[in-house]
Each structure stands twice: as structure tokens, then as C-alpha cells.
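These are the residues of each chain, in order.
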Amino acid sequence: MSIQGLDFDLHKARNLIDGELVDAIDGARYDSINPADGSVLGSVPRGKAADVDRAAAAAERAQPGWAGLTVPERAAYMRRLSAALRNHADSMLDIEVRDTGNTIGEMRHDIANAANQLEYYAGLGYELKGDTIPATPGNIHMTVRVPYGVVGKIVPFNHPLMFAAAKIAAPLAAGNTVVVKPAEQSPLSACYLAELCAAIFPPGVVNIVTGFGSEAGDAIVRHPRIKRIGFIGSVETGMLIQRRAAEVAIKQVSLELGGKNPMMVFPDADLDKAAAAAVRGMNFGWQGQSCGSTSRLFLHADIHDKVLADVVSRIQARKIGDPRDPTSEVGPINNKAQYEKVQRFVRVTLEEGGKLETGGRRPDQSDLPQSGYWWEPTVFSNMRPEMTLAQKEVFGPILAIFKWTDLDETIRIANSLEYGLTASVWSQNINTALTTARRIDSGCIWVNGVGTHFPAVPFGGRRNSGTGSEESFADLLSYTEEKAINILLG
Ligand code: NAD
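Naming follows an unreviewed UniProt entry, where the chain appears as Aldehyde dehydrogenase (NAD+)/betaine-aldehyde dehydrogenase of Pseudorhizobium tarimense. Here is the UniProt Sequence similarities (unreviewed entry) comment for the chain, exactly as written: "Belongs to the aldehyde dehydrogenase family."

Spelled out as C-alpha cells, the structure:
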């Protein structure tokens, strides 16, 4: 197949196993739903343990050959995929936007990000060096870095293509082969990616299996030949995966999990920029469905009312509409379960005494399909730390606003949850900003900024937000094991 002329049928999407585009072994398929109107958008194979087993066997066969390539040879394959993503960006975007409900303006960055990360890791391959260790004179001790072999990657529904394409970059650059499972709620772009990879990589190097978490996902986690798991998803599933993997073998499991991320605004902050950032940090372009969303906003009492009013008016000005329309700033929530979860949070927060500042309901707009999962961006103020919304990740468009006066107490509250993924601190005083950034126990902190991921800068969570860090050299190293070679000269 030529990757120039890709003729992709959404209703006949296939998996990639051993270089072949295939259906599930038992022929099972399931539908993927367009969240904008609830219609069937396409269908994908419902892979299960037998499909994962085929993929793992193919990956295992291909791995020595892949690891035996030179660094520039492996890099060349990865750069071809990066170029293909850029060439196919418009087709992929169209699928991705309809399958996720995320707005097109935002999703365009996802494809560029994935392409950039493939190029970044392709170039890093030479840096997988070992050491020589002067431990015992007369002998030579050295270390080499070796790939695990077959790596399983399991990714969530919010950025399906970016995660499927970008997260294979580090394992591949390190000489591993991969079995990837996208989320069941938005699997179609991964099947498009499968077609690109089929035309680019040697058979078995990249395998993509769609299906449910409890079936294909669990089969990856429990497969004896998959020694390294890279997981992105919820805390609950992350915990389950650690347990399930440990039942089968000793495995290396990295986990990028949820967040309930604090943003702290001091009275001396640039308040205009802080208000804009508080809105941007909620990632309403994909309905707040982002692990890094700064969904707990702590406003100092001196500036609380002013910034709150600014945040609310900026949020109300956002255009809710068809996610394919480049002017839309909010689309539908990705799936029914998520939609109902958002509604539950609104109900409970009202019961617990939260003050609804805006949103909290379906938009009253005749241009939106009645059947889609539409919800207005929602803001609650009057938040107290013991409230459910103050403690639990929604993974949806709800911002919780707290008023603060005592710094120590506020930092204690910021650090009091199980999560520790991102945080944002706003002050024009560098001492205040840095001291606070160091005291907040999160893996990624922005000072006078929010949301942006920077190439080569590690991203990862503390506490139950995960283990391991991605998007960086450390990520590449984490797909290798260190091996010692002792040469006894005497
Ligand atoms: P999820 O945990 O429900 O699912 C994630 C993936 O795990 C999916 O592919 C799913 O099919 C699979 N899965 C589910 N059960 C499984 C099992 N028993 N065994 C193996 N695989 C299984 O998460 P989600 O709802 O898709 O995504 C939302 C969550 O992901 C949020 O908590 C969000 O914060 C988190 N997330 C984290 C990051 C990060 O980088 N830290 C990025 C994006 C999303």
C-alpha cells in the first residue's frame, strides 16, 4: 500500500499485527460513537487475548532484527512515520475530532506534537550509552543499555492519536518492539495510524490492537512476553494494572495517571494574564478532559472577586459548537459515562454547598444536536477542601475556585490529595513564586504559565499521579535495562 493514497474506511478499520492489517481472530467488532450527536462513526476490531498473543509473538520475532539496526537506520523509520503524520494531518484530524469531540484547533497541535516527539526520540538514540567503572584496578567494568524486548503501551481516550503515535517513540528508539492498545472510546485514529505503520515499519515492529480494557488491555498487562508496560490512564486502572502484572511476572510498569491540579494566584500576580491562564489551564478545547488541567483555582482573598469575575466572563464567552468548526472553543464530552460523571459532580457540589457561577447544564443552543454529550463549561466557587469536587478528579469541564489567605494552610490543602501531577503558581515576585513551586508536591509546575509541555522536559506525576516521567531523556532510558560486563584482565 502506498501511504500517499490511503483509502481509509471508518467502518472497516483494522488492526496491525505482524505487518498485516487484520480483523480480530474471532471476527468481533464494536462501534465507535460520535459524541457530538451519538451516531455510529465507525467500527473497529474487538481484539482479545488471542489477538494480543499474536501481536506479542510477532513483536518478539521482530525485536532482535529491530534492535540490530544501527541508530540512524531505526531513526529513519521513525522519521518516516513523523513525515507521514504531517502529510496525513488533515485526514487524521477529521477522524480524531469526530471520534473524540475535541475541537479541531486544539487537536491540530496533537498531530504536530506526535510528529515532533518521534523526531526528538529518533535523534536521541545515540545517547543510550553505558559507563566504564574503575572499581577494581586491572579489570574493566562496563555497562551497556539493552532494550526490554516487547513493550505494551495502553493509552486513554482524550488524545488518542498523539498518545498512540508519540508514546511508541521512546520504546522504539531504544530497540524495543511495541504492542499498542488505544482506548475503546476513541480507537479510530489508531487504526489509521496502523495503516501508516504497516507501510513504514518492518513486520512486527509496531502492532496495534483495538479492544476493551478488560479484554485486550488486560491481555497485554498479563502477557508473559511483554516485560515492560507503559500505561496512561486513571489512578484506579493504574493500580489494577500493577496488581495484575505482578500476578504473572516481574514487570517494569510506568504509570501516567490522573490529576486534580492546583493553580495558586498571589495578589501581586499579573491578574489579567492569570485569569486568561486559569481558563486556558482547564483545557476546555477538549472539555477539561486532560490529566494536567488546573481544576483547583486558589485565588488570594484580596483579588478573589476580581479574578473570579474575569474568569467567569472569559468562560462564558467561549463558543460551544461543532468541534470540526475551527471557531468552536468547546465541543461535546467524549462519552456517556464521562457525561454522566460530570452531571453527578454538579449535583453533589450543589448539595455540598458549592456556588454555581456559570454552566452546570446542557447548553441551550438550537444548533447543537439533542443527542450529543454537550455540557457548558462550569465554575463553582465557595469551595471547601472537604467537598467531593475539591478532592476528586472529574476529568471534565468543571473548575473549582477557592479563596485563600494563609499560605501554609493553602499549600497543605494543595498537597493534601492523592494526586500530584501538575500545578501553576502566579506571582511577580520570583522568591514567592519559586518558594511556592518548590513546596507544591507535583511532578510538573508552571510559574506564571500553565498547560504547556516543553520538548525534552520531563512530564510525570508524584504520589498516585504515577511513576516515571515522559517526554524526556529519562523516558528513553526507562525503556532500557542496564547490564554490567566485567572483563577480568588479570
Ligand atoms: P482508563 O484508566 O479508564 O483507561 C485508560 C486505558 O486503559 C484504556 O485504553 C483502557 O481500555 C485501558 N484499560 C482499562 N481497564 C484496563 C485493564 N483492566 N487492564 C488493562 N487496560 C485497561 O482512563 P481513561 O478514562 O481512558 O482516561 C482518563 C484518565 O487518564 C484520567 O484519570 C486522566 O487524568 C488520565 N490521563 C493521564 C495522563 C498523564 O499523562 N498523566 C494523560 C492523559 C490522561
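Some details on helix 9 (residues 235-248)
Owing to its 3.6 residues per turn, the α-helix brings residues three or four apart onto one side. For helix 9, with 14 residues, the first-to-last C-alpha span of 21 Å sits near the 20 Å given by 1.5 Å per residue. For helix 9, the complete set of buried residues consists of Val 235, Gly 238, Ile 241 and Ala 245. Buried residues along helix 9 cover an arc of 115° about the axis, so they all sit on one side. Seen from the open side of helix 9, the exposed residues pointing more than 90 degrees away from its buried face are Glu 236, Arg 243 and Glu 247.

Looking at the domain arrangement of the chain
When the domains of the chain are assigned, the result is domain 1 (2-257 + 465-485) and domain 2 (262-454). Look at where the C-alpha atoms of domain 1 and domain 2 centre, and you get two points 31 Å apart. Taken residue by residue, the interface counts 23 residues in domain 1 and 30 residues in domain 2. Counting the surface lost from both domain 1 and domain 2, the interface buries some 2200 Å², and carbon and sulfur atoms represent 56% of this. Per-residue buried area on domain 1 facing domain 2 is highest for Thr 103, Phe 157 and Ser 465; these three make up 24% of the total on that side.

Here we look at the confidence of the model for the chain
Detailed reading of predicted coordinates is not advised where the pLDDT is low. Here the chain shows a mean pLDDT of 97. Residues at 70 or above account for 99%. Taken element by element, the chain is modelled with least confidence in strand 5 (residues 132-133), mean pLDDT 95, and with most confidence in strand 9 (residues 206-208), mean pLDDT 99.

Observations regarding the UniProt feature "active site" (unreviewed entry) in the chain
Following the UniProt record, the feature "active site" (unreviewed entry) maps to Glu 256 here. Locating Glu 256 in the fold gives a position in strand 11 (residues 252-256). Using a relative accessible area of 7% as the deciding quantity, one classes Glu 256 as buried. Leave out the neighbours within four places in its chain, and Glu 256 touches Phe 231, Ile 232, Gly 233, Phe 459, Gly 460, Gly 461, Ser 465, Gly 468, Ser 469 and Glu 470.

Brief notes about the packing of aromatic side chains
Applying the stated criterion to the full structure yields 11 aromatic pairs. A centroid spacing of 5.9 Å and a plane angle of 70° characterise the contact between Trp 66 and Phe 201, whose relative ring orientation is edge-to-face. Linking Trp 66 in helix 1 (residues 49-67) with Phe 201 in the loop between helix 7 (188-200) and strand 9, this pair joins segments that are 135 residues apart in sequence. Comparing Trp 66 with Phe 201, the two get one shared label, buried. Ring-pair connections join several aromatic residues into one group, and the members of that group are Trp 66, Tyr 77 and Phe 201. Across from the ring centre of Tyr 479, 3.9 Å away, lies the NZ or CZ of Arg 228, which sits over that ring.

Comments concerning the side chain of Arg 318
For Arg 318, the position within the fold is in the loop between helix 11 (304-316) and helix 12 (336-351). Lacking a salt bridge, the buried Arg 318 has Glu 329 as its closest oppositely charged neighbour, with an N-O distance of 4.7 Å. Beyond its immediate sequence surroundings of up to four residues, Arg 318 is in contact with Val 279, Phe 284, Gly 285, Glu 329 and Val 330.

Concerning the sheet that holds strand 6 (residues 140-147)
As summarised here, the arrangement of the three strands in space is 5-6-22, forming an open sheet in which the pairing is antiparallel. Here the strands that pair on one side only, and so sit at the sheet edges, are strand 5 and strand 22 (480-487).

Things to note about the UniProt feature "domain: Aldehyde dehydrogenase" (unreviewed entry) in the chain
With numbering matched to this structure, UniProt assigns "domain: Aldehyde dehydrogenase" (unreviewed entry) to residues 28-485. In residues 28-485, helix accounts for 40% and strand for 20%; the two terminal C-alpha atoms are 48 Å from one another.

Side note on the site of the ligand
Around the ligand there are 29 residues in total, and Val 155, Glu 184, Ser 234, Thr 237 and Glu 393 lie nearest to it. In this structure, Leu 257 approaches the ligand through a main-chain N or O atom, which is 2.8 Å from a nitrogen atom. Residue Glu 393 places a side-chain N or O atom 2.6 Å away from an oxygen atom belonging to the ligand. For the ligand, whose unbound accessible area comes to 850 Å², protein coverage reaches 90%. For the shell around the ligand, the secondary structure elements donating two or more residues are helix 8 (213-221), strand 10 (226-232) and helix 9.

Observations concerning helix 2 (residues 71-87)
An ideal rise of 1.5 Å per residue puts 24 Å on 17 residues; helix 2 measures up with 24 Å between its terminal C-alpha atoms. Those residues of helix 2 that fall on the buried side of the exposure criterion are Val 71, Arg 74, Ala 75, Met 78, Leu 81, Ser 82, Ala 84 and Leu 85. Buried residues along helix 2 sit against helix 1, helix 3 (89-100), helix 4 (104-124), helix 5 (160-166), helix 6 (169-173) and helix 7.

Some points on the sheet that holds strand 15 (residues 378-381)
Spatially, 14-15-16-13-12-18-19 is the arrangement adopted by the seven strands of the open sheet, whose pairing is mixed. The sheet is open, and its two borders are formed by strand 14 (355-358) and strand 19 (444-447), each paired with just one other strand. Recorded for the sheet is a direction-independent mean angle of 20° between the axes of neighbouring strands. Both strand 14 and strand 15 contribute to a ladder of three bridges, which runs antiparallel. Considered in strand 15, the bridge of Leu 356 is made with Phe 380.

How each quantity is defined
- Residues numbered from 1 in each chain as written.
- Predicted model: local features only at pLDDT ≥ 70, side-chain atom pairs only at ≥ 80, totals over all residues.
- Heavy atoms only, no water.
- UniProt positions renumbered as here; feature names shortened; annotations may be inferred.
- Helix = DSSP H or I, 4+ residues; strand = E, 2+ residues; numbered from the N terminus.
- Expected span 1.5 Å × (residues − 1).
- Buried < 20%, exposed > 50% of the residue type's maximum accessible area, 1.4 Å probe, protein only.
- Arc of directions from axis to C-beta.
- Domains from an automatic or database assignment.
- Contact = heavy atoms within 4.5 Å.
- Buried area = accessible area lost by both parts, 1.4 Å probe.
- pLDDT = per-residue confidence, 0-100.
- Phe/Tyr/Trp six-rings, centres within 6.5 Å; stacked < 30°, edge-to-face > 60°.
- Lys NZ or Arg CZ within 6 Å of the ring centre and 35° of its normal.
- Lys, Arg positive; Asp, Glu negative; His and termini not counted.
- Salt bridge = Lys/Arg side-chain N within 4 Å of Asp/Glu carboxyl O.
- Pairing = 2+ DSSP bridges.
- Near = heavy atom within 4 Å.
- Polar contact = N/O pair within 3.5 Å; in protein donor to acceptor, adjacent residues only side chain to side chain.
- Areas by Shrake-Rupley, 256 points an atom, 1.4 Å probe, with all protein chains shown as cover.
- Axes fitted to C-alpha atoms, helices over the stretch in contact; angles between N-to-C directions.

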